[in-house]
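Observations on chain architecture
Listed below are the residues making up each chain.
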Amino acid sequence: MASKDPKVVMKQMDPKLRKEFFCRWPELKSLNWSQLTKKRSIDPLVAAITQLGDIEKREIVRLLANFVTLKSENGIRILLEECDRRNPAARASIGEVNGKLDKIVYTYLHEPLVFQNALVAAEADRFTNRRGWNTWPPVSSGTLCTDTAAKERLGQRLIEYHAAEVRGDCCEINDYISSDGAVYIHAYLPDWFDNHMVFSETGNVDSLKFPLAFSILFVYTPRTGEFAMICEGGAKKQRELRLIFFETMLGLKVDNIPPESNAFRLDRVLGNGFAFDKHGVVGVRSVEVASMAWASKDEKAGLKWVGVRFSYKLDWNRRLEQLDRLLAAYDHTRNQIEVVSLDLRFEFHDSKHRSLTIRLSPRTCNIRSDDDELRRDMCDQCVTAWGFRNG
């Protein structure tokens, strides 16, 4: 995973693009940029950033982290797809920039709308691979409305719903349409209680306003009626928010039904007879588990997500022995847990296919985000051969 350490990111940026980026803050324009012509020469810049206000420093850190979010093969693919949709003429200019990070910085500077939409798409793609992402059977009727009035209605309903959490009196709604026609609707509520009283700079007592934070993601595909979402708060809250979404955005009253069942049976790997080399897929040289996460079946245990990283080059039986020792420390055995994610590292016989790590959860798999079609199909065949798929 690429580092989000701001200093590391700054050292990786092309010096010319770095200057263009940081000169957007007036306080940094006066720096002696002739001392910063080498990639690793950032000390004067770091010193100047530390003198900025807290808001400016947070903005810089956030933007640098956003650059890293897109710094992957999938991120660049999304960026170029957005460029083709929003401004095809800019594709050639972005293509001339060397390096993933510099392409992203260049796009942020010169094609901000492309950058913003690519970032939303990449973050939404990442959410679909998290625990808590749920899908529902398609709803075939109704017309989705995303105009300002509809988004204001949705925001107001969400404010009312979260009133018991004292999340404030504001809710920002952003929408984005992906290349396959799915509509992503992000809802941002205040990060925490917004009614703390403080003395303002004028000496008056005022309410301390906390920043908005990502709270809910709704995804609806008008063409198929498919609906999915993620938020904190459990299944009951998701079912209730789904009703609110359909009432305000489609004018429909839908049945309060549970989400669809799991798509993948990952607990199969806990059996003693399971082996990752039993797939029969030509072209795949080896598969090993890089890491996994498990949860206790006993809710009272409070173990909802425990990550495990395994030693390199051990077969699965040896890894199960490691897992057993770890579980003993939690007073658990394999039949008392469920697998909530698997990171699988694939190696291929053909050198033109680079190694690939995919993530599986009971509901999702990120194989489809790989842009190497043949490599993607080989991984897909393995998942089927292992009996992971439900139905």
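Rules behind the numbers
- Residues numbered from 1 in each chain as written.
- Predicted model: local features only at pLDDT ≥ 70, side-chain atom pairs only at ≥ 80, totals over all residues.
- Heavy atoms only, no water.
- Helix = DSSP H or I, 4+ residues; strand = E, 2+ residues; numbered from the N terminus.
- Buried < 20%, exposed > 50% of the residue type's maximum accessible area, 1.4 Å probe, protein only.
- Areas by Shrake-Rupley, 256 points an atom, 1.4 Å probe, with all protein chains shown as cover.
- pLDDT = per-residue confidence, 0-100.
- Contact = heavy atoms within 4.5 Å.
- Core = buried A, V, L, I, M, F, W, Y, C linked by side-chain atoms within 4.5 Å.
- Pairing = 2+ DSSP bridges.
- Axes fitted to C-alpha atoms, helices over the stretch in contact; angles between N-to-C directions.
- Phe/Tyr/Trp six-rings, centres within 6.5 Å; stacked < 30°, edge-to-face > 60°.
- Salt bridge = Lys/Arg side-chain N within 4 Å of Asp/Glu carboxyl O.
- Left-handed = near helix turned anticlockwise from the far one by under 90°.
- Nonpolar A, V, L, I, M, F, W, Y, C, P; charged D, E, K, R; others polar.

**Remarks on the overall build of the protein chain**
Secondary structure summary: the protein chain contains 13 helices and eleven strands in total. Of all 391 residues assigned to the protein chain, the portion counted as buried reaches 46%. Only carbon and sulfur atoms are counted for the fraction: they give 49% of the accessible area of the protein chain, which is about 21000 Å².

**A short note on the confidence of the model for the protein chain**
Taken residue by residue, the protein chain gives an average pLDDT of 84. The fraction at 70 or more is 89%. Predicted confidence in the protein chain is weakest over strand β4 (residues 197–199), with a mean pLDDT of 42, and strongest over helix α2 (residues 15–22), with 96. Under a pLDDT of 50 for its full length, residues 192–201 has, in the predicted model, 29 contacts with residues more than four places off or in other chains.

**Some words on the nonpolar core**
Counting residues in each nonpolar core, the largest one holds 54 residues, and the members touching the most others are Phe21, Phe22, Leu28, Leu45 and Phe67. The element that contributes the greatest number of residues to this core is helix α9 (residues 112–127), accounting for eight residues. Filtering out sequence-adjacent residues up to four positions away, leucine 45 remains in contact with Met10, Arg18, Phe22, Leu28, Leu31, Trp33 and Leu36. Phe274, Val281, Trp294 and Trp316 belong to the second largest nonpolar core, which has 37 residues in total.

**Here's the deal with the environment of leucine 113**
Take leucine 113: it is sitting in helix α9. Overall, the relative accessible area of 47% leaves leucine 113 in the partly exposed class. For the pair leucine 113 and glutamate 82, spaced 31 residues apart in sequence, the C-alpha separation works out to 8.9 Å.

**Brief notes about the sheet that holds strand β8 (residues 284–296)**
In a beta sheet, neighbouring strands pair by backbone hydrogen bonds and run either parallel or antiparallel. Read across the sheet, four strands follow the order β9-β8-β10-β11 without closing on themselves; strand pairing throughout is antiparallel. Each having just a single partner strand, β9 (306–309) and β11 (356–360) make up the two edges of the open sheet. Averaged over all pairs of adjacent strands, the angle between strand axes in this sheet comes to 20°, irrespective of strand direction. Note: strand β10 (residues 337–348) against β11, five bridges, orientation antiparallel. Looking across to β11, one finds that phenylalanine 346 is bridged to leucine 356. Sheet strands in contact with helix α12 (residues 316–329) are β8, β9 and β10, and its direction is about 15° off that of β8.

**Quick word on the packing of aromatic side chains**
On inspection of all chains with the given rule, the structure shows 26 aromatic pairs. Arranged with centres 5.5 Å apart and planes meeting at 65°, the rings of phenylalanine 67 and tyrosine 108 form a pair that is edge-to-face. Remark: tyrosine 108 occurs in helix α8 (residues 100–110) and phenylalanine 67 occurs in helix α5 (residues 54–69); sequence separation between them is 41 residues. There is no split in this pair, since phenylalanine 67 and tyrosine 108 are both buried.

**Describing the pattern of salt bridges**
Applying the stated criterion across every chain, the model contains 16 salt bridges. For arginine 389, the salt bridge identified is with aspartate 380, shortest N-O distance 2.2 Å. Under the relative-accessibility criterion, arginine 389 is labelled partly exposed at 29%. Here aspartate 380 falls in the buried class, since its relative accessible area comes to 17%.

**Considering the pairing of β8**
A large share of β8 lies buried, amounting to eleven of its 13 residues. In this structure, β8 lies alongside β10, joined through eleven bridges in antiparallel fashion. Paired with serine 291 across the bridge in β10 is aspartate 343. Bridging between β8 and β9 involves four bridges; their strand directions are antiparallel. Residue pairing for β9: methionine 292 is matched across the bridge by valine 308.

**Concerning the environment of valine 308**
The topology assignment puts valine 308 in strand β9. Once residues lying within four places of it in the same chain are set aside, the contact partners of valine 308 are Ala290, Ser291, Met292, Trp294, Leu323 and Leu326.

**Observations concerning the packing of helix α6 (residues 73–86) against α8**
One way to put it is that α6 packs onto α8 with a least axis distance of 11 Å and a crossing angle of 35°. In this structure, α6 crosses over α8, and the sense of that crossing is left-handed. Of the residues in α8, those in contact with Glu73, Ile76 and Leu79 of α6 are Lys100, Lys103, Ile104 and Thr107. A per-class count over the contact of α6 with α8 returns three nonpolar, one polar and three charged.

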